[in-house]
Amino acid sequence: YDFERGRLDTAPHPFSMGTQFDARVTTRFDQSEPLDSLASTIHEFGHANYTLGLPQDAYGSPLGEHRGLTVHESQSRLFENHVGRSEAFWRLFVDRFNAQYDTDLTARQAYEAANRVYDDNCIRVEADELTYHLHIVLRFEIERELVAGDLAVADVPTVWNDRMDAYLGVRPDGDDEGCLQDIHWSHGSFGYFPTYSLGSVLAAQLYAAAAAEIDDLDSKIEAGEFDALQAWLRENVHEHGRRYTTDELIERATGEP
């Protein structure tokens, strides 16, 4: 991350925004739940990393803009899941984690903790990778019903809580754990949530292609060497801006539709 062209700050909800000249990241943290903030911060780094990789000489034109939110989420989810939740990453990072928290975890124990499954979580950004996409399905269904006029705004909290109970077996204690936990609807980003699931699928496809082309990528991650992965993403995704449709971009990058 180029701190000459960005910075890291705290905010109630993690996000990233900016241009290829200045892409900034915010995160939130809870000392008692360090893995949650770590995953969120790596996720937002993935967004900023994509933004900083857009062509500088094309700024102000479509060639200097990101391909779209699904591709943007593929970059954040790639780093969050396929790097940050990998055992190779934890072989790199566990000593620093142990020093910070006065723990004695092995890399395998930390890896398993980073990939644990919750049975009582209401919060999307803190969800495990097994249940995460049910959080997305719930939001998509509510959005679709709101836009179609089949659901009144006043009924959203009740519908949300009932479906959270049905899909995940948990019930929010209040709207801050329910329908008001995300910032997206408050600033009008309807239709955004499905890009997290679509982006996760693309992240898996892109990472598999990168790993097939980069010699022993796991060992490079374990050694803290990210240049090869960075260069692959720059060449195959970032530097194209909006030159190609999403389908064309992905097929050119991976050789598959």
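Described below are features of the structure shown in this document. (Residues numbered from 1 in each chain as written. Predicted model: local features only at pLDDT ≥ 70, side-chain atom pairs only at ≥ 80, totals over all residues. Heavy atoms only, no water.)

Right, let's get into the nonpolar core. Grouped together as the largest cluster of nonpolar side chains are 34 residues, with contacts concentrated most on Leu78, Val83, Trp90, Leu229 and Trp232. Elements that contribute at least two residues to this core include exactly helix H1 (34–52), helix H2 (69–83), helix H3 (87–101), helix H4 (107–114), helix H7 (194–213), helix H8 (217–222), helix H9 (227–236) and helix H10 (246–254). Beyond its immediate stretch of four places on either side in the chain, Val83 contacts Leu78, Phe89, Tyr207, Ile221, Phe226 and Leu229. By size, the runner-up hydrophobic cluster in this structure holds 18 residues, among which are Cys122, Leu151, Trp185 and Tyr196. (Core = buried A, V, L, I, M, F, W, Y, C linked by side-chain atoms within 4.5 Å. Buried < 20%, exposed > 50% of the residue type's maximum accessible area, 1.4 Å probe, protein only. Helix = DSSP H or I, 4+ residues; strand = E, 2+ residues; numbered from the N terminus. Contact = heavy atoms within 4.5 Å.)

A surface patch of like charges, here negative, comprises Asp247, Glu248, Glu251 and Glu256. Within the element layout of this structure, Glu251 appears in helix H10. Take Glu251: its relative accessible area is 40%, and that puts it in the partly exposed class. (Patch = residues over 30% accessible without salt bridge, like charges linked within 9 Å, V, L, I, M, F, W, Y side chains within 5 Å. Areas by Shrake-Rupley, 256 points an atom, 1.4 Å probe, with all protein chains shown as cover. Salt bridge = Lys/Arg side-chain N within 4 Å of Asp/Glu carboxyl O. Lys, Arg positive; Asp, Glu negative; His and termini not counted. Charge placed at Lys NZ, Arg CZ, Asp CG, Glu CD.)

Any pair of aromatic rings gets described here by the distance separating the centres and the angle formed by the planes. Inspection of the entire model under this criterion finds 15 aromatic pairs. Geometrically, the ring pair formed by Phe45 and Phe79 is edge-to-face, given 5.0 Å between the ring centres and 85° between the ring planes. Here the residue Phe45 occupies a position in helix H1, and Phe79 occupies one in helix H2, the gap between them amounting to 34 residues. On the basis of relative accessible area, Phe45 is assigned to the partly exposed category, the value being 21%. Using a relative accessible area of 6% as the deciding quantity, one classes Phe79 as buried. Between Trp185 and Phe193 the ring centres are 5.9 Å apart and the planes differ by 90°, which places this aromatic pair in the edge-to-face class. Looking at Phe193, the relative accessible area reads 1%, which means it is buried. Through pairs of rings, three or more aromatic residues link up here, namely Tyr132, Trp160, Trp185, Phe190, Tyr192, Phe193 and Tyr196. Between Arg77 and the ring centre of Tyr132, over which it is positioned, the NZ or CZ distance is 4.1 Å. Sitting over the face of the ring of Tyr196, Arg124 holds its NZ or CZ atom 4.4 Å from the ring centroid. (Phe/Tyr/Trp six-rings, centres within 6.5 Å; stacked < 30°, edge-to-face > 60°. Lys NZ or Arg CZ within 6 Å of the ring centre and 35° of its normal.)

Okay, the sheet that holds strand S3 (residues 22–27) next. Sheet architecture is open: three strands sit in the order S1-S3-S2, paired in mixed fashion. Only two strands of the sheet have a single neighbouring strand rather than two, namely strand S1 (8–10) and strand S2 (15–19). Strand after strand, the sheet turns through a mean of 25° between neighbouring axes, direction not considered. Across the sheet, H1 is in contact with S1, S2 and S3; its angle to S3 comes to roughly 170°. (Pairing = 2+ DSSP bridges. Axes fitted to C-alpha atoms, helices over the stretch in contact; angles between N-to-C directions.)

Before going further, it helps to spend a moment on the pairing of S3. Relative to S3, S1 runs parallel, the two sharing three bridges. Looking across to S3, one finds that Thr10 is bridged to Thr27. In terms of strand pairing, S2 meets S3 through five bridges, oriented antiparallel. Across the sheet, residue Thr19 finds its bridge partner in S3, namely Asp22. What sits between the antiparallel neighbours S2 and S3 is a turn of two residues.

When the terminal C-alpha atoms of helix H6 (residues 156–168) are compared, their 17 Å separation across 13 residues agrees well with the 18 Å that a helix rising 1.5 Å per residue should span. Among the residues of H6, Val156, Val159, Trp160, Asn161, Arg163, Met164 and Leu168 are the ones counted as buried. Looking at the buried positions of H6, the neighbouring elements they touch are helix H5 (132–148). (Expected span 1.5 Å × (residues − 1).)

Let us now look at H10. Residues Leu249, Ile250, Ala253 and Thr254 constitute the buried set of H10. The buried residues of H10 occupy an angular sector of 105° when projected down its axis, which confines them to one face. Exposed residues on H10 whose side chains face more than 90 degrees from its buried face are Asp247 and Arg252. Buried residues along H10 sit in contact with H2, H7 and H9. The positive-phi residue at the C-terminal boundary of H10 is Gly255, with phi of around 80°. (Arc of directions from axis to C-beta.)

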